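Close look at the chain arrangement
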Amino acid sequence: MCGIIGYTGKEQAAPKLLLGLKRLEYRGYDSAGIAVSSEGGFSVCKKKGRVSELNGAEKIKGVCGVGHTRWATHGAPSERNAHPHAFGRFVLVHNGIIENYLPLKEECEGRGEKFISETDSEVIAHLLEYYDRGDVLAALKETAARLEGSYALAVMCRDEPNVLYAARRKSPLIVGRGKEGLYLASDVPAIAECGELYSLCDGEFAVLPGDKIRFYGEEGEIKKETMKLVSKSDIPEKGEYAHFMLKEMHEIPAAIANSLINFEDDFCFSAINIVLCQTEYIQIVACGTAYHSGIAAKYAIEALARVPVEVTVASEYRYRDPIVKKGTLVLAVSQSGETADTLAAAELAKERGATVIAITNVPDSSITQIAHFVLFTRAGREIAVAATKSFNAQLALLFSLAVALAKAKGRETVPSLRPLPALAEEVVSEAEKMKEIAPMLLGAKSVYFIGRGADYCAALEGSLKLKEISYLPSEGYPAGELKHGTLALIDKGTPVIAILMQEGLSEKTMNAVFEVYARGGRVILVTNLPEYAARKEVYRSVLLPKCEELFSPILSVIPLQALAYYTSLARGNDPDKPRNLAKSVTVE
Ligand code: M6R
C-alpha cells in the first residue's frame, strides 16, 4: 500500500527516486510524485496514474528528494491527492493511515491553515510546521506522538535542504547506504544496490544528513544492526516474460522445492518440533490467497496428524474475541509479512498465550518481529499483485509442517512430499494450454469454481485469481453446496470449473457436474482421473498427473492461475497491476 523512497547524496536525486519508485510500483500505482530540494524550496512533480506519467521529472535538479507511488485510501486517485504533500517549510511522503486525521485537521483549520488535498497524510506536514521550533527531529517526534494509526514517513525541511528525516510505526521502512549517497525506501529491492541496509522498527526515527545515518528511539540515539544484503536475484526483473505473473508461475517448481522443509534433518527446526509435540489445537490466521493455503493445510493436518485446525480470515480473528486454549499453536501466514490484519491477529494470539509461528516470504518483514518462530517460504520476491508461486510455496511449507506434526504425534506412515517439484514442473509446462480455454469465459456473466475437501481450496483460490485480474464475477464453492442456492444461477453456457483430484470423492463431485450439465452449464474439469475427463457432461478437461490427494491443490491450482492470466490478457487488462489493488495490504 504505497511505496516511499528518499535519496540524499552527491548525485542527482530525481533519476534515483524514479528508479526506486518503478521498483516499488507493485505497492500501489494510482498516482505518483517526487519532490527535490532546489534553491530556496522544493521542485515537485506529481501525476495521476503510474510512475511512467512523471514525464520530464528526471530533469529536476537537486541532490536530495523524496518520492511516492500511491494506493488511495483517503481521497480519489488524482494529482491533488498525490504525494508529496507540502505545508510551510515541510514536504513529505507517507505510507499508512492516520486514523485521527479528521480531529487533527480541524485543529489545524482552527488556526486558519488551508488544506489542498483530501488525504489523511497532509495533516502531518501541518503538524510539523506547527511543532518546529528549529529542531526538525524534535518536531517529528512531537508530530508522531499526535498520530494514531500507521506510518512510514520521509520528510524534508526547507531549512535543511540536504537532510532526510524518517519515522516508522506499523509500516515498513528501510534505510540504506550506497556508494553515492543515503536512501530510504518501503522495501529492500527499491534500493538493492546499497552495501549497507537497516530496517527501522516501530517507534524509531532516522536522520540522514547526506553523509551519516543516525537512528533514534524513545530515549535518544541508538545503534542498529545491519540487515542481510540482497542478491541480484532479489531485484525484480521480468526477463524474457511478458509479465511478472507469468514469470512467477514458471518459478513455481523451484518455489516448492525451496520451501519443502525437512524438520528432522535441520537442527534449527528442533525447537519447533518441541512446540509441535505440545500442540493440541491449531489456529491459522491469514488473508486472501494465504487464507486459502490455510484451508488446504487444515485438511492435511487434520487428516495426517489428527490435530484440530481452525482457519480464520485475520480481519475476523482480530475482532472476534478468539478463544486461545493451552496448547494452541497459531500459524500466521503472510507472503509479504506486512498485512495489517494478519499482524494484528498474530499480536492478539500472542497476547492471549498462543505460540505463534509466522510463515512468510519476506525476511525482516514486520511479522518476523511479532512471532515466536518464523518459517520462511523461499519462493523469491513476488512482484505481480496476484499471488502465484508464493501460494504453492506456502502449501509446500504447510504440508511439510503437517507431516512433521503427524510424526510428532507418533504417526508412523506419512506421505512423501518429494515428488511435488517434478510434478509441478510437468503441470507448469502444460499451463499455456489454458490460453485455449480462456475465451470460453469472456462472455460469461459469472464463473463458478467447485470442489470438495482439498479441491475446495483450489476452487477458492482459482476463483480469487480470476476475479482479481480478469474482473469477472466469480465464486468458489464446496461442490456439495451448489444445490443449496447457487445452482439457481447456472443456466445455458454458464462456465463451471470443477476440480476433482481425489478418487474417493469422485462420484460425489461428479454428481455436482451432472447437475450443472442438466441446467445447460459448461463444465471444465480439472482432474487427475482420465475416466471422468472423457464424460459427455464434461465440456473441456485439463488432465493432471496423480499425487498424494491431500497435497493436490499444489498442482491443481496451476492451470487455474494460468486460466486467470490468459483471461485477463484476453480482456485487455494488465495482469500484474489489477485495478484498485496493491501487493501488500498494510492498512485495515
Ligand atoms: O502478503 P499476504 O500474503 O499477507 O497478502 C494477503 C492477501 O492480500 C493476498 O494474498 C491477496 O489476496 C493476493 N493479491 C491474492 O492474489
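Nothing here was measured: the structure is a model prediction, and the numbers come from that model. (Residues numbered from 1 in each chain as written. Predicted model: local features only at pLDDT ≥ 70, side-chain atom pairs only at ≥ 80, totals over all residues. Heavy atoms only, no water.)

**A look at the overall build of the chain**
Our working rule: By the criteria applied, helices consist of DSSP H or I runs no shorter than four residues and strands consist of E runs no shorter than two, each listed in order from the N terminus. Two things to know: the radius of gyration comes from C-alpha atoms, and the globule rule equals 2.2 Å times the number of residues to the power 0.38. Burial classification: accessible surface area is computed with a 1.4 Å probe over protein chains only, and a residue below 20% of its type maximum counts as buried, one above 50% as exposed, and the rest as partly exposed. Residue contacts are counted whenever heavy atoms from the two residues lie within 4.5 Å of one another. Using the Shrake-Rupley algorithm and a 1.4 Å probe, accessible areas are obtained, with residue cover drawn only from the displayed protein chains.
Secondary structure summary: the chain contains 19 helices and 24 strands in total. In summary, the chain has a C-alpha radius of gyration of 25 Å against a globular reference of 25 Å for 588 residues, a match within 12%. With respect to the principal axes defined by its C-alpha atoms, the chain has extents near 75 × 55 × 45 Å. By the burial criterion, 62% of the 588 residues in the chain qualify as buried. Taking the intrachain contacts of the chain between residues at least 6 apart in sequence as the baseline, contacts between residues at least 24 apart amount to 71%. Accessible surface computed for the chain: about 22900 Å², of which carbon and sulfur atoms make up 50%.

**Focus on the packing of helix α3 (residues 122-131) against helix α4 (residues 136-146)**
Put simply, the rule is: Orientation is described by axes fitted as lines to C-alpha atoms, over the contacting stretch for helices, and by angles from 0 to 180 degrees between their N-to-C directions. Relative orientations are named as follows: roughly parallel for angles under 35 degrees, roughly antiparallel for angles over 145 degrees, roughly perpendicular for angles from 65 to 115 degrees, and oblique for any other angle. When the near helix sits turned anticlockwise from the far one by under a right angle, the crossing is termed left-handed; a clockwise turn instead gives a right-handed crossing.
Following both chains from N to C, one finds α3 and α4 inclined at 130 degrees, their axes separated by 8 Å at the closest point. Classified by the angle their axes make, α3 and α4 are oblique. Seen from above, α3 lies across α4 with right-handed handedness. Touching I124, L127, L128 and Y131 of α3 are A139, L140, E142, T143 and R146, all from α4.

**A short note on the site of the ligand**
So the rule is basically this: Working definition: residue near molecule or strand if any one of its non-hydrogen atoms lies within 4 Å of it. Definition of a polar contact: a pair of N or O atoms within 3.5 Å, with one able to donate and the other able to accept a hydrogen when the atoms are protein atoms, and with sequence-neighbouring residues admitted only if both atoms are side-chain atoms. Three classes are used: nonpolar for Ala, Val, Leu, Ile, Met, Phe, Trp, Tyr, Cys and Pro, charged for Asp, Glu, Lys and Arg, and polar for all others, with Gly counted as polar. Bear in mind that the domain bounds are from an automatic or database domain assignment.
Residues in close proximity to the ligand total 15 residues, the closest being S334, Q335, S336, T339 and E468. Here Q335 contributes a backbone N or O atom positioned 2.7 Å from an oxygen atom of the ligand. S336 has a polar side-chain atom sitting 2.7 Å from an oxygen atom of the ligand. Taken by itself the ligand offers 410 Å² of open surface, and the protein chains cover 90% of this. For the shell around the ligand, the elements supplying multiple residues, two or more each, are α8 (288-305) and α16 (454-470). For the shell around the ligand, the class distribution of residues is 7 nonpolar, 6 polar and 2 charged. When residues are assigned to domains, the shell around the ligand turns out to be shared by domain 2 (237-418) and domain 3 (431-574), each giving three or more.

**Comments concerning helix α1 (residues 13-24)**
To be explicit about the condition: An expected span of 1.5 Å times one less than the residue number is assigned to each helix.
Taking 1.5 Å per residue, 12 residues should reach 16 Å; α1 reaches 16 Å between its end C-alpha atoms and fits that length. Most of α1 is tucked away, with 9 of its 12 residues classed as buried. All of the buried residues in α1 are A13, A14, K16, L17, L18, G20, L21, R23 and L24. Where α1 is buried, its residues meet β1 (3-9), β2 (31-38), β4 (64-70) and β10 (181-185).

**Concerning the sheet that holds strand β17 (residues 328-334)**
As a reminder, the rule being used: Any two strands between which DSSP finds at least two bridges are classified as paired.
The parallel open sheet is built from 5 strands, whose spatial order is β16-β15-β17-β18-β19. What marks the edges here is a single partner per strand, and that holds for β16 (309-313) and β19 (373-376). The sheet shows a mean angle of 20 degrees between the axes of neighbouring strands, direction not considered. As paired strands, β17 and strand β18 (residues 355-360) are joined by 6 bridges and run parallel to one another. Opposite V330, over in β18, you have V356 as the bridge partner. Contacting β15 (281-286), β17 and β18, helix α10 (residues 340-351) runs over the sheet at an angle of about 165 degrees to β17. Set on the sheet, helix α12 (residues 389-408) makes contact with β15, β17, β18 and β19; between it and β17 the angle comes to about 165 degrees.

**Side note on the side chain of S37**
Take S37: it is sitting in strand β2. In this structure S37 comes out as buried when scored by relative accessible area, which is 6%. For S37, the side chain forms a polar contact with the main-chain oxygen of P161, separated by 2.6 Å. In this structure S37 touches F42, K61, G62, C64, M156 and P161, once residues within four positions along its chain are discounted.

**Notes on the pattern of salt bridges**
Note the following rule: One speaks of a salt bridge when a side-chain nitrogen belonging to Lys or Arg is within 4 Å of a carboxyl oxygen belonging to Asp or Glu.
This structure, assessed with the given rule, holds 32 salt bridges. A salt bridge links D341 to R318, with the nearest nitrogen and oxygen atoms 2.7 Å apart. Remark: R318 occurs in the loop between α9 (314-317) and β17 and D341 occurs in helix α10; sequence separation between them is 23 residues. Counted as one network, the salt bridges with shared partners bring together R89, E129, D132 and D159.

**With respect to the domain arrangement of the chain**
Basically, it comes down to this: Note on terms: buried area is the combined drop in 1.4 Å-probe accessible area of two parts once they are placed together, counting the loss on both.
Split into domains, the chain comes out as domain 1 (3-234), domain 2 (237-418) and domain 3 (431-574). Taken together, the 11 residues of domain 1 in the interface contact 7 residues of domain 2. Here domain 1 packs against domain 2, burying approximately 860 Å² in sum over the two surfaces, 48% of which is carbon and sulfur. Seen at the junction of domain 1 and domain 2, the total is 1 salt bridge. Note that D187 is salt-bridged to R381, the shortest N-O span being 3.0 Å. Residues that form the side of domain 1 that touches domain 2 fall into these classes: 7 nonpolar, 1 polar and 3 charged.

**Examining the nonpolar core**
Going by this rule: Residues belong to one nonpolar core when they are buried, are Ala, Val, Leu, Ile, Met, Phe, Trp, Tyr or Cys, and are joined through side-chain atoms within 4.5 Å.
If you look at the biggest cluster of nonpolar residues, it comprises 91 residues, and the most contacted ones within it are I282, I301, L375 and I497. When residues of this core are assigned to their parent elements, the largest contribution, 12 residues, is made by α12. Ignoring sequence-local partners within four residues, the contact set of L375 consists of I261, F263, F269, I272, I357, A358, I359, T360, L397 and L401.

**Points about the sheet that holds strand β21 (residues 474-478)**
Spatially, the 5 strands line up as an open sheet ordered β21-β20-β22-β23-β24, and their pairing is parallel. Of all strands in the sheet, those bounded by a partner on one side alone are β21 and β24 (538-543). Averaged over all pairs of adjacent strands, the angle between strand axes in this sheet comes to 20 degrees, irrespective of strand direction. Looking at chain direction, strand β22 (residues 495-500) and strand β23 (residues 522-527) are connected through 6 bridges and run parallel. If you follow I497 over to β23, its bridge partner there is I524. In the packing of helix α17 (residues 506-518) onto the sheet, the strands contacted are β20 (447-451), β22, β23 and β24, and the crossing angle to β22 comes to about 170 degrees.

**Here's the deal with the environment of H126**
If you trace the backbone, H126 turns up in helix α3. Sequence spacing of H126 and R89 is 37 residues, and the spatial spacing of their C-alpha atoms is 9.5 Å. Setting aside anything within four residues of it in sequence, one finds H126 in contact with F87, C108, R111, E113, K114 and F115. In this structure the side chain of H126 is engaged in a polar contact, spanning 2.8 Å, whose partner is the side chain of E113.

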